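One letter stands for each residue in the lines below.
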Amino acid sequence: SAFAKQQIDNKYQAQSIEAETAHGKKVFEITDSLLKNQQAAYRIYTDAINKINLDGVKERITVLDTEFKQGNVGAQAYIDQRKSLIEEEYQITYKGLEAKKDAAQITAKEIADIDEKEILARKEADDKLTQFNLKQDDIRLQALEAHYSKAKKYLETEASRSEERR
């Protein structure tokens, strides 16, 4: 009977340990699932923020290009702002990729993929800057032509008004 009592206690202890282990495993699975969902949500959030920021830069480039073509922005101001926007576009891309790395526990392959994207983003920004630098003389010429065209229209209008008054 002492032996039977010991066996019942041992069986009860084994069942208690098994139940606690199962409960701990279930809690871990739920917590892990929540964490993964939060990480996925954060990645989606950072992607959305980066897209909005990049769209903003592209919109500013479009406005700047339009204002330059209309002669409302001088050549040097256009060149300086355009270079700044190219660099800003790179910085947004880079920071977004860094945020992806920080957002979750990711594999070495995922880190390597992000590192490659960062390198490609820097190369793309450098290529854009190089191409843009090569076009600076053309940009200055366009600005002079736009200025000349505006001045010519003004003078033609003034000459026309002058003749009408005679």
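None of these values were measured; they are calculated from a predicted model.

Visitor: Mind showing me how you'd approach the environment of A99 here?
Guide: Topologically, A99 is positioned in helix α2 (residues 75-103). Along the primary structure A99 and D127 are separated by 28 residues, whereas in three dimensions their C-alpha atoms are 24 Å apart. Setting aside anything within four residues of it in sequence, one finds A99 in contact with Y42 and T46.

Visitor: Sorry, what's going on with the pattern of salt bridges here?
Guide: In a structure, side chains of opposite charge can pair up when their charged atoms sit close to one another. Counted according to the given criterion, the structure contains 15 salt bridges. The partner of R161 in a salt bridge is E158, with the nearest N and O atoms 3.5 Å apart. Placement of the pair is R161 and E158 together in helix α4 (residues 136-165), with a separation of three residues, close to one helical turn. Residue classification places R161 among the partly exposed residues on the basis of a relative accessible area of 43%. Given a relative accessible area of 28%, E158 falls into the partly exposed group. Each of the salt bridges in this network shares a partner with another, and the network as a whole consists of E98, K101, D115 and E118.

About the criteria used
- Residues numbered from 1 in each chain as written.
- Predicted model: local features only at pLDDT ≥ 70, side-chain atom pairs only at ≥ 80, totals over all residues.
- Heavy atoms only, no water.
- Helix = DSSP H or I, 4+ residues; strand = E, 2+ residues; numbered from the N terminus.
- Contact = heavy atoms within 4.5 Å.
- Salt bridge = Lys/Arg side-chain N within 4 Å of Asp/Glu carboxyl O.
- Buried < 20%, exposed > 50% of the residue type's maximum accessible area, 1.4 Å probe, protein only.

Keep in mind these values describe shape, not function.
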